[in-house]
Amino acid sequence: MPDISVLPQRFYLEGDVVQIAQKLLGKIIVTDIDGQLTMSRIVETEAYDGRVDKACHAYPQRRTPRTEVMFKEGGRSYVYLCYGIHYLFNIVTHAENEPNAVLLRAVEPVAGLDYMADRRKVKNQINFTNGPGKLASALGITLNFNDLILYDSGSPIWIAEEKENSYKPDIIQTTRIGVDYADEDALLPWRFYIKDNPYVSRK
DNA sequence: CGAGCGATTCGC
DNA sequence: CGAATCGCTCGG
């Protein structure tokens, strides 16, 4: 079990969302849902910038009931239902009225693997969390956990960093997945993942 | 109000 | 490769 501490809110307010998406790689997501504690290492992310990015639900400054949380101050969760079936988990970044978010696309299980196995009902451990819908399912994330403070270790979901770990992973930068509807913005290289990590989606 | 569609996954 | 499945968004 790694020695961890909560990632402070300022982490989500400094730099642009593309940098924050990279810096989230290697961080730990902790969930304590239905009495089931899990910990996982973030290994794949995508950045969405509501100011300039057609792929972002909040572009162009599109304020609706669903996107409202992205207009709040950084450090909150944005969870939504995708294809009527899967929940996708995002981290909101930046100041009020700057609607940016980072999608978690894959994580590596660290603790609570029995719970993940129960929730996912698949045998192969690789398939617990190697996709955005899969990881939400494995960690117990549903719409109930939208608009949650992530810089409070008392929350049912929070983000941590390891206290003593200077390891810097090799990061691959490439285009995002499933955003063809965004025309030329689908070409933005705003997907990041840890090189050679077995839990990265769509190898 | 209702048509159209999606930041995916799984099974055939 | 196509179905599943439903809330959100926008146009009428």
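Residues numbered from 1 in each chain as written. Chains lettered and ligands numbered in written order. Predicted model: local features only at pLDDT ≥ 70, side-chain atom pairs only at ≥ 80, totals over all residues. Heavy atoms only, no water.

**Things to note about the nonpolar core**
By size, the foremost hydrophobic cluster in this structure holds 38 residues, and its most contacted members are Leu-24, Ile-29, Phe-89 and Ile-157. Put simply, the parts of the chain that give this core at least two residues each are α1 (17-23), β2 (28-33), β3 (36-49), β5 (86-93), β6 (100-111), α3 (132-139), β7 (157-162) and β9 (191-194). One finds Ala-55, Ala-58, Val-69 and Ala-182 within the second-largest nonpolar core, a separate group that totals 17 residues. (Core = buried A, V, L, I, M, F, W, Y, C linked by side-chain atoms within 4.5 Å. Buried < 20%, exposed > 50% of the residue type's maximum accessible area, 1.4 Å probe, protein only. Helix = DSSP H or I, 4+ residues; strand = E, 2+ residues; numbered from the N terminus.)

**What about the protein's contact with DNA strand B?**
Near DNA strand B there are 20 residues, and of these His-57, Tyr-80, Asn-90, Arg-120 and Tyr-181 occur at the shortest range. Looking at DNA strand B alone, sugar and phosphate atoms form 53% of those within 4 Å of the protein. A distance of 2.8 Å separates a phosphate oxygen of DNA strand B from a polar atom in the side chain of His-57. Between Lys-134 and DNA strand B, the recorded distance is 3.1 Å, taken from a backbone N or O atom to a phosphate oxygen. (Near = heavy atom within 4 Å. Polar contact = N/O pair within 3.5 Å; in protein donor to acceptor, adjacent residues only side chain to side chain.)

**Regarding the protein's contact with DNA strand C**
In the neighbourhood of DNA strand C, the contacting residues comprise Arg-62, Thr-64, Pro-65, Arg-66, Thr-67, Leu-81, Tyr-83, Gly-84 and Ile-85. Backbone atoms, meaning sugar and phosphate, make up 70% of the atoms of DNA strand C lying within 4 Å of the protein. Here a phosphate oxygen of DNA strand C sits 2.3 Å away from a polar atom, N or O, in the side chain of Thr-64. In the model, a sugar or linking oxygen of DNA strand C is placed 3.3 Å from a nitrogen or oxygen of the Arg-66 side chain.

In short, the description is geometric, and any link to function would need to be established separately.
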